[in-house]
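Observations on chain architecture
Chain by chain, the residues:
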Amino acid sequence: SWNGDADSQCPICLEKWSSLSDVSVAVLECGHATCAACLCHMRESVPATEERQDPLVPHGQSVTTRFQCPHCTLLLDPATVDNLALQAYQASDLLRLLAGHLATAVAPGLHDAVPAMLVHRRLDAAAVEKELFEIISRHAVGAAARTSGSLDSRRKQEVYLEARRPVVALQRELEREAEKLATLDKRDDRLGPGAVSAEWRSCRGRCDELRENLRAAQQNAAASIFATLNDESLGMGSDAGESEGLCIDLHGLHVAEAKAKFDELVVPVLPVLGRCVVVTGRGSHSKGGEAALREALVRHARHRALRCAVMQGNGGALEISLPVLE
């Protein structure tokens, strides 16, 4: 985060730095600053490869749309956002730890997907931390479901829920405190020009404390999930130590929620991993015994131009992969 002068503001969203809390700031090579999320949005809105007709350019001639500093119009390298994402990943102990768990025990190379996940989330490290933790949790349940002689369904849920319980509790408490902070005035002019409200400072301190506790809880829960499943002979790879790849369990979710989780947890890692297994269930508990979730995710994946097929010998799982380029 960056604390600027009270009168300073992001030149894109025009929000004053003093009115924002926990905002990642991108300082450009020209020395000007923007909200990191705003910079990501600008690059999404103005792709470097897109060409448009500039009214100042003679008719019939086109120029590449500019990705530039919104303050001084300095032309920016489109890779600026990717470099910022890589720096954010390298600077985050928790992101590297969670990605390391997955890369070592589940899907080698997954850590290479984290910078892309950060770009997808507009450099919101907390959101990516949450998604990586959820990938770990859902992979654990999915791996258990695919392993012969594994824990029964109730035990799998116990492992998953017990590990997640402190994380979920802290997430909810942090959300409540963040909502409260957003309603408070940061300044208290009764204490003098530019003075910070004691109530705002206290609430902000509580939010910071909860964030640190949440990171520790995610770290501990991730380690607990892997340790429990390995102790139960579930293993995250084969007997030979070879990883079977990432397996995300979406069984039990409503269709809309499963689609959202698919977009959050599966789509961003496919360019690196190339393949992922998604557990949907066979639909034995659905109305009419139809695999409604499975079929909905098949359509959703294909709508995203991804290859999707029901796994051989397991009607309750889908194999998702990138399309073959001809």
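Quick look at the structure, then. (Residues numbered from 1 in each chain as written. Predicted model: local features only at pLDDT ≥ 70, side-chain atom pairs only at ≥ 80, totals over all residues. Heavy atoms only, no water.)

Notes on helix α8 (residues 255-266)
The end-to-end C-alpha distance of α8 is 15 Å, a good match for the 16 Å that 12 residues give at a rise of 1.5 Å each. Buried within α8 we find A258, K261, F262, D263, L265 and V266. (Helix = DSSP H or I, 4+ residues; strand = E, 2+ residues; numbered from the N terminus. Expected span 1.5 Å × (residues − 1). Buried < 20%, exposed > 50% of the residue type's maximum accessible area, 1.4 Å probe, protein only.)

Looking at the nonpolar core
Counting 65 residues, the largest nonpolar core has L132, I135, F262 and I320 as the members making the most contacts within it. If we skip the residues at most four places from it in the chain, F262 touches L250, V267, V278, L297, H300, A301, R304, L306 and I320. (Core = buried A, V, L, I, M, F, W, Y, C linked by side-chain atoms within 4.5 Å. Contact = heavy atoms within 4.5 Å.)

A short note on the pattern of salt bridges
Within this structure, the stated rule accounts for 17 salt bridges. One salt bridge connects E44 with R122, and the closest N-O pair in it is separated by 2.7 Å. Taken together, the positions of E44 in helix α1 (residues 36-45) and R122 in the loop between α4 (114-120) and α5 (125-146) put the pair 78 residues apart, joining distant regions of the chain. E44 sits in the partly exposed class, given a relative accessible area of 41%. K261 is the salt-bridge partner of E264, the closest N and O atoms lying 3.8 Å from each other. Here E264 pairs with K261, and both are found in helix α8, just 3 residues apart, close to one helical turn. Via salt bridges that share partners, R121, E131, E134, K261 and E264 belong to a single interconnected network. (Salt bridge = Lys/Arg side-chain N within 4 Å of Asp/Glu carboxyl O.)

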